[in-house]
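# Notes for the structure review
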Amino acid sequence: MNHALILPILLPAIVGALLVMAARYDKVLARVFSLASTVLLFGVALTLLVMASDGSVRTYALGAWPAPFGIVLVLDRLAALMVLLNAVLGLSVLLYAINGWDLRGKHFHPLFQFQLMGINGAFLTGDFFNLFVFFEILLIASYGLMVHGGGGLRVKAGVQYVVTNLVGSSVFLIAVGLIYSVTGTLNMADLAVIVPRVPAADQALLQTGAVLLLLVFAIKAALVPLHFWLPGTYANAPGPVAALFAIMTKVGAYSIIRLYVLAFGAEAGPAAWLAAPWLLPAGLVTLVLGMTGVLAARSLGQMASFAVIGSMGMLLATVSVFTPQAIGAALYYLIHSTFAAGALFLIADLVAERRGVQRDRLVLAPRFAQAGLLAGLFFVAAIGITGMPPLSGFIGKLLILDGVRASAHATWFWTLILSTSLIAIVGFSRGGSLVFWKSHAVNAPSAPLHRGAALPFVAVGGVLACLVTLTVFAGPVHGWLELTATQLFAPTAYIEAVLGTAQEGP
Amino acid sequence: MEFLVASAIGVMTAAGLYLVLRARTFPVIIGLSLLTYATNLFLFATGRLAINQPPVIGATGGSYVDPLPQALVLTAIVISFGMTAVVVVMALRGYLETGNDHVDLPGDASPEASEDDWKLRGRKQADATVKAGGSKA
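Here the structure is a predicted model, which is why all the values come from computation and not from measurement.

## What about the confidence of the model for chain B?
Residues and elements named next belong to chain B. Looking at chain B, the pLDDT average stands at 83 and 87% of residues meet or exceed 70. By mean pLDDT, the top-scoring element of chain B is helix 1 (residues 2-20) (94), and the lowest-scoring one is helix 4 (residues 111-115) (66). Both scores are given for the predicted complex: the pTM is 0.92, the ipTM 0.85.

This is the structure we're talking about:
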């Protein structure tokens, strides 16, 4: 048994608890511990990625209780990729936050660590009930982070966010209960074995459960018509927290990819490809609505939020084709859109800090400090998120357009993806020119032009550097992701790795 | 028994959903509680309804009820209890900071929200007292 598998969960959990108890009043200690833990997490995630690259599926049975009776963690290529993505984004966001955001409220660092723990757990777990538990951990931490720093508007947006997710959790439990009542298992690999054998009389219950589960993941992934919580939440959350939330929508996408390929995939008999007919229209409508929202946004934060919705639509519509090529392309786009959205939220926060009363609203305002540098960064991030050449968004879109060619709905994909790209470009050009260029035309006295610290720029630069790296190494990365998709579509190895541990046990 | 449990779950879910869609935070929180009660009862029922059965396999074998849903319900109860506390605190904080208990954000709230605003009302009352005091003097 390889103990490295549990480190991404254990490390933030221990450090988080330590921070609550020992470093509550000492900001330097809290920052040092939090940063050290996140750097270590990054190292662990890299190790796991290298381990998973050999194509085998590793499992970790907690307390050595064999699956499907005990709890297992499973590491395959997809899980390793998502854990690494989380670690990289987490590290950048933390670098940004320790410049002052972390002191605007209490307990930023413990909450941050628990958030990382919950996200890692959701990526690594091998059964449903633990997926629920880790969802709750990441949500509870996010409730705290969302209202970090306080303020009436933020707390109200936070109440909406909490209520939406509590309803989601209830539906999650009902879905888990339905699936358990039919199959008698909560283990994903065991479920994949049992689903094809479910008698016709129980199919209705099973499929209801599975579609309800899709509903829950769709709330997390902000699919239309369950996206209403996202713009209010992300635009009102503290900047670095919104940037970290860029990966939270991807937790929903990850769960959809994992579950509906593994348990409700080609082998599932009457329940085969259960998610596809729902995901395709929902994804395409989400894409259109998100990108149109970019055009209608009233602030940079809202603009980034709607761009997140649009990119989730594109991602999940591509997933709904359920072929290895499409999933490979979707995964590439997933990495790209996480970094691009994260960078946009951080830049919006930097702008809001410098503009005074206008914050990041799309209204005319006098010039502000470091406007040139920020305009440059915004330009790069906007190129990334709208999918213009030369950055990775363009490559991601090309891969998606190529990946869905075999689909019966390819015309829809091509038309909508290309036309929404244009809408997004118009939206971001409008926002950028209003905030950065037209400020020269305003004669009102400008806000005091004091330069900020360098650390936030290092963080934003780091995220943008990830985009550039993703562009430069697009070939090898996409090759690796295609292998990941192929591994997903051959679930036998996953099932044997998880349930095989049952035979090894005493 | 099946009918009783099923209709209880149904009625509580329906009432919970109705209340969650209300405009003020208090009914929303009550609705959430009802929804979690319904969920817990539902989870409990997924282990099949049986009376006077132990949740473990006895020494003599024989029949037993599935213990796993009971464990799941226990976890779900703990989580929902904690979350109700969190949402109550956040709703209270929102009420105190923005002056009304409407769920909508101030930007797109109904005009009703500002009528209910206790801060504004307090200010109006203060103005009224000042005026009344002024006229007396």
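There is more to say after this.
## Here's the deal with the interface of chain B and chain A
Between chain B and chain A, the contact holds 26 residues from the first and 24 residues from the second. When residues of the side of chain B that touches chain A are traced back to their parent elements, those giving at least two are helix 2 (25-45) and helix 3 (68-98) of chain B. If you tally residues by element for the side of chain B that touches chain A, the top one is helix 3 of chain B, at 13 residues. Partitioning the side of chain B that touches chain A into residue classes produces 17 nonpolar, seven polar and two charged.

## Things to note about helix 17 (residues 410-437) of chain A
Residues and elements named next belong to chain A. In this model helix 17 runs 39 Å from its N-terminal to its C-terminal C-alpha over 28 residues, within 8% of the 40 Å that 1.5 Å per residue would give. Listing the buried residues of helix 17 in full gives F413, L416, I417, T420, S421, A424, G427, F428, G431 and V435. Packed against the buried residues of helix 17 are helix 12 (276-296), helix 13 (300-319), helix 14 (324-355), helix 15 (371-386) and helix 16 (392-403).

## A look at unusual backbone geometry
Residues and elements named next belong to chain A. The step from V224 to P225 runs through a cis peptide bond, and the omega angle for that step is 5°. Structurally, the position occupied by P225 is in the loop between helix 8 (200-221) and helix 9 (229-236). Here the residue pair P389 and P390 is connected by a cis peptide bond, since its omega of 10° sits within 30 degrees of zero. As for its placement among the helices and strands, P390 is situated in the loop between helix 15 and helix 16. A positive phi angle is found at A64, which is not glycine, with a value near 55°. Relative to the elements of secondary structure, A64 occurs in the loop between strand 1 (58-61) and strand 2 (72-75). Despite not being glycine, R359 has its phi angle at roughly 50°, a positive value. Inspection of the secondary structure puts R359 in the loop between helix 14 and helix 15.

## Some words on the domain arrangement of chain A
Residue and element names in this part refer to chain A. The domain boundaries assigned to chain A delineate domain 1 (1-227) and domain 2 (275-472). Just the C-alpha atoms count here: the centres of domain 1 and domain 2 sit 25 Å apart. Taken together, the 16 residues of domain 1 in the interface contact 22 residues of domain 2. Contributions of two or more residues to the side of domain 1 that touches domain 2 are made by helix 3 (77-97) and helix 8. Take the side of domain 1 that touches domain 2: its biggest share by element is seven residues, from helix 3. Counted by class, the side of domain 1 that touches domain 2 contains 13 nonpolar, three polar and no charged residues.

## Section: the environment of V86(B)
Relative to the helices and strands, V86(B) resides in helix 3. The partly exposed category is assigned to V86(B), around which 15 C-beta atoms lie within 10 Å. In contact with V86(B), not counting residues within four places along its chain, are Y143(A) and V162(A).

## Overview of the pairing of strand 2 of chain A
Residues and elements named next belong to chain A. Of the two faces of strand 2, the one lined by V72 and V74 and the one lined by L73 and L75 are each fully buried. In this sheet, strand 2 lies alongside strand 1 in antiparallel orientation, the contact comprising four bridges. Bridging across to strand 2, Y60 finds its partner in L73.

## Some details on the environment of L91(A)
Residue and element names in this part refer to chain A. Along the chain, L91 turns up in helix 3. Judged by C-beta crowding, with 20 C-beta atoms within 10 Å, L91 ranks as buried. Through-space distance from the C-alpha of L91 to that of Y25 is 22 Å; in sequence the pair is 66 residues apart. In this structure, L91 is in contact with T38, V39 and F42, ignoring residues within four places of it in sequence.

## Concerning the nonpolar core
Grouped together as the largest cluster of nonpolar side chains are 227 residues, with contacts concentrated most on I256(A), L344(A) and I347(A). Two domains each donate at least three residues to this core, and these are domain 1 (1-227) and domain 2 (275-472) of chain A.

## Some words on the packing of helix 12 of chain A against helix 17 of chain A
Residue and element names in this part refer to chain A. Two numbers describe how helix 12 lies on helix 17: the axes approach to 8 Å, and their chain directions differ by 15°. Considered as vectors, helix 12 and helix 17 are oriented roughly parallel to each other. Crossing handedness for the pair helix 12 and helix 17: left-handed. Between helix 12 and helix 17, the residues in contact are L284, L287, V288, M291, T292, V294 and L295 and W412, L416, T420, I423, A424, V426, G427 and F428, respectively.

What counts as what
- Residues numbered from 1 in each chain as written.
- Chains lettered and ligands numbered in written order.
- Predicted model: local features only at pLDDT ≥ 70, side-chain atom pairs only at ≥ 80, totals over all residues.
- pLDDT = per-residue confidence, 0-100.
- Helix = DSSP H or I, 4+ residues; strand = E, 2+ residues; numbered from the N terminus.
- Contact = placed C-beta atoms within 7 Å.
- Nonpolar A, V, L, I, M, F, W, Y, C, P; charged D, E, K, R; others polar.
- Expected span 1.5 Å × (residues − 1).
- Buried ≥ 20, exposed ≤ 12 C-beta atoms within 10 Å, placed from the backbone.
- Domains from an automatic or database assignment.
- Pairing = 2+ DSSP bridges.
- Core = buried A, V, L, I, M, F, W, Y, C linked by C-beta atoms within 7 Å.
- Axes fitted to C-alpha atoms, helices over the stretch in contact; angles between N-to-C directions.
- Parallel < 35°, antiparallel > 145°, perpendicular 65-115°, else oblique.
- Left-handed = near helix turned anticlockwise from the far one by under 90°.

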